[in-house]
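# Structural overview
Here's the letter readout for the chains.
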Amino acid sequence: MITLKNINKYYRQGDHRFHVLHDININIAQGELVAIIGESGSGKSTLINIIGFLDDDFEGTYFYQNHPIHDYTRKQFSSLRNQNVGFVFQNFKLLRESTVADNVALPLLYAGKRRKEIGTRVSEVLKQVGLAGYENQLPKNMSGGQQQRVSIARAISTHPKFLIADEPTGALDTETSQEIMNLFKHLNREEGTTIIMVTHDPHVAEQCDRVIKIIDGRVVSDSKDGERNANN
Amino acid sequence: MQIIELFKSAIQSLKANKKRSFLTIIGIMIGIAAVIAILGIGDGITKTMYDKFGNNAKQGQQTTEIAYNPDNVNSTVNGFTQEQLTDINTQFGGEIKNAEIEQESDNISTHADIGDTTKNVTLSLLKKPTHSVSLVAGKNFTKNDLEIGEANALMSEKVAKRQYGSAQNAIGTTVTANNVTYTVTGVYKSQEQFTDDGNQNSYGVDLLLPKSVYYQGDSAKEGNTLKLTFSQGTNASAISRKVAKYLKKNSPAATQGSYQYLDMEKALKQFSSQMSIITTFISFIAAISLFIAGIGVMNMMYISVSERTQEIGIRLAVGATPFNIMMQFLVEAVILTLTGGLLGFLCGAGLAHLLAPLLSSAIGGGGIHIHAHISLDAFLLAFGTSAAVGLVFGILPARQAANKNLIDILR
């Protein structure tokens with residue numbers, strides 16, 4: 001589904017150019033639950049932003065279901081994001097002044113859905129993440145775990161092909177983290193949603209099918225390769 | 001994204017910052033209100049003038065008058081006779097709907113012999129008895145009096161007192177006007193020359209005489225004022241001018257006086273064009289406040305964009321296109337200015353209606369009452385201008401919002 005070839009990424013800071021990602025080559029298939037781990041500053045967030053069509057400024061080729069993403073315009077990226085990816089962020093990134101229902105409805109609105117359809121879909125996904133009946137709450141009055149559930153509900157509302165989660169448990173305690181992880185695992189197993197997450201929590205990473213480790217912008221290990229190597 | 005959702009979310013965002021939105025709206029409101037009030041009063045003045053002095057175009061037909069002024073004030077020559085009426089009808093029959101010699105009955109200025117002295121007086125003629133005057137001495141006209149055609153007259157208290165010392169003394173004296181001698185049978189309380197709504201008061205005159213007696217014999221068919229009626233759409237002014245010119249050449253009375261057509265329409269056109277120059281100029285000055293308000297809108301939108309960076313990021317991340325984001329902020333700006341514009345229109349209209357009467361009393365009455373006139377054009381102007389202000393001053397902040405770098409926001 002996702003094929004990254006020789007991805008290089010530079011950050012410009014004044015006259016300096018930082019080489020953040022070095023020749024990244026990754027293939028991710030439908031239905032995988034992937035964890036990308038690494039130290040802070042290793043470039044894992046940068047990588048996941050590229051995978052999630054958030055960052056279009058990179059070198060190399062990126063084929064998503066045979067679409068040449070590297071050639072797409074900014075507008076095409078918007079609809080691609082809307083229809084294919086769901087995002088879960090470390091700090092939830094919810095509209096704090098809008099209700100839970102409005103937050104979850106946001107991607108559906110931009111997809112051009114009708115209000116009636118949106119209403120049913122919103123209740124559906126809220127039930128799925130265990131927040132049935134929370135439609136009219138404000139995110140600012142909810143706990144971190146609940147907010148993250150809202151954000152997951154928002155991410156899956158458009159039936160995306162894959163989920164991108166940047167440190168989804170980073171702001172949560174161990175118990176809540178586990179709840180969120182269970183939710184992810186459930187989505188992956190029952191719904192077949194591909195999930196790619198960045199984490200530096202080893203406990204979270206070990207629950208994933210596949211772990212990709214990045215150090216200083218280079219892929220140093222990939223458990224799938226390991227399996228493959230082992231099989232060979 | 002559906003348009004209705006765009007408006008809903010824009011209103012929601014504006015509500016989230018009530019005070020700021022309110023202040024921005026007030027700015028626009030003041031600007032629009034100033035322009036509308038000035039235009040309303042300006043239009044009102046022009047319209048009042050037309051209503052008062054125009055060719056009565058609003059009644060579906062137009063009327064003009066040609067007046068004959070004899071050179072010798074005491075002359076009894078009449079400018080218009082039946083003969084001339086036929087003449088005019090044959091000459092201009094196709095263009096004029098109707099021509100008639102007007103027998104004025106209200107507020108006629110003429111000479112009259114009151115007792116021994118000849119005086120300039122104003123008088124009104126009555127066909128029916130009136131209760132609009134209150135008698136201080138003698139008795140009022142009865143229906144019978146007027147039908148029989150008794151040469152009786154009513155005199156105003158003011159004239160009676162000046163001439164005879166008291167109202168009672170005037171009863172039984174005589175007044176001679178238009179070669180008829182009348183006996184004063186009553187004296188009435190003097191009235192103002194103008195009514196409260198600014199029209200001439202036909203009872204605010206020196207004498208009231210029976211119409212059937214005043215216009216007798218030849219004078220019943222002759223007069224010094226010709227009233228022409230035209231169909232709607234004809235050029236009444238031009239034809240009336242032609243008629244006046246024709247009369248000057250061909251009428252036997254032209255040697256002893258002059259025919260005059262006072263072209264009010266032409267004067268009014270000049271007046272209204274001058275008026276519109278003045279209103280435009282003042283509106284232009286008022287529009288400066290609108291410009292400043294526009295800058296206020298821009299300022300607010302810039303602040304809003306930078307405050308809501310996170311929101312923009314979230315929206316972009318879940319699939320909003322840059323165009324969606326731009327529209328959202330643009331719609332917010334336009335909603336602000338339109339609300340201000342419509343409120344401003346209402347305030348301006350109210351202000352104009354409030355100021356116009358003050359203005360007419362400042363002019364000193366003179367029988368002219370100015371009513372503000374708010375036209376549909378003014379409404380469209382307010383609507384259009386405020387929308388345009390929103391677009392013009394909203395576009396830059398909106399574009400800034402749309403072009404924000406998603407990665408920078410989300411980092």
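As recorded in an unreviewed UniProt entry, chain A goes by ABC transporter ATP-binding protein and comes from Limosilactobacillus walteri. The annotation that UniProt attaches to chain A under Sequence similarities (unreviewed entry) is "Belongs to the ABC transporter superfamily."

Along chain A, the regular secondary structure elements total eight helices and ten strands. Across the 232 residues in chain A, those meeting the buried criterion constitute 46%. A sequence separation of at least 24 residues applies to 70% of the contacts in chain A between residues at least 6 apart.

With that settled, consider the sheet that holds strand β3 (residues 33-37) of chain A. Residue and element names in this part refer to chain A. Taken in spatial order, the six strands of this open sheet run β6-β7-β8-β3-β9-β10, and their pairing is mixed. Since the sheet does not close on itself, it has two edges, and those belong to β6 (85-89) and β10 (218-222), each with one partner. In this sheet, neighbouring strand axes are inclined to one another by 20° on average, regardless of whether the strands run parallel or antiparallel. Relative to strand β8 (residues 194-199), strand β7 (residues 162-166) is paired through five bridges, and the arrangement is parallel. Bridge pairing in β8 links Leu163 to Ile195. Packed on one face of the sheet, helix α1 (residues 44-51) meets β3, β7, β8 and β9 (210-215) and runs near 155° to β8.

This paragraph deals with the packing of helix α2 (residues 18-53) of chain B against helix α12 (residues 376-402) of chain B. Residues and elements named next belong to chain B. At a minimum axis separation of 10 Å, α2 and α12 run at an interaxial angle of 155°. Relative to α12, α2 is oriented roughly antiparallel. Regarding α2 and α12, the two cross each other, and that crossing is right-handed. Contacts from Ile28, Ile32, Ile36, Leu39 and Gly40 in α2 reach Ala378, Ala382, Thr385, Ser386 and Val389 in α12. In terms of residue class, the contact of α2 with α12 is made up of seven nonpolar, three polar and no charged.

Residues and elements named next belong to chain A. Most of β3 sits inside the fold, with five of its five residues counted as buried. Here β3 shows a buried face lined by Leu33, Ala35 and Ile37 and a second buried face lined by Val34 and Ile36. Note: β3 against β8, five bridges, orientation parallel. Within β8, the residue paired with Leu33 across the bridge is Ile195. As paired elements, β3 and β9 share four bridges and run parallel to each other. Pairing of Val34 across the sheet is with Arg210, part of β9.

What counts as what
Residues numbered from 1 in each chain as written. Chains lettered and ligands numbered in written order. Predicted model: local features only at pLDDT ≥ 70, side-chain atom pairs only at ≥ 80, totals over all residues. UniProt positions renumbered as here; feature names shortened; annotations may be inferred. Helix = DSSP H or I, 4+ residues; strand = E, 2+ residues; numbered from the N terminus. Buried ≥ 20, exposed ≤ 12 C-beta atoms within 10 Å, placed from the backbone. Contact = placed C-beta atoms within 7 Å. Pairing = 2+ DSSP bridges. Axes fitted to C-alpha atoms, helices over the stretch in contact; angles between N-to-C directions. Parallel < 35°, antiparallel > 145°, perpendicular 65-115°, else oblique. Left-handed = near helix turned anticlockwise from the far one by under 90°. Nonpolar A, V, L, I, M, F, W, Y, C, P; charged D, E, K, R; others polar.

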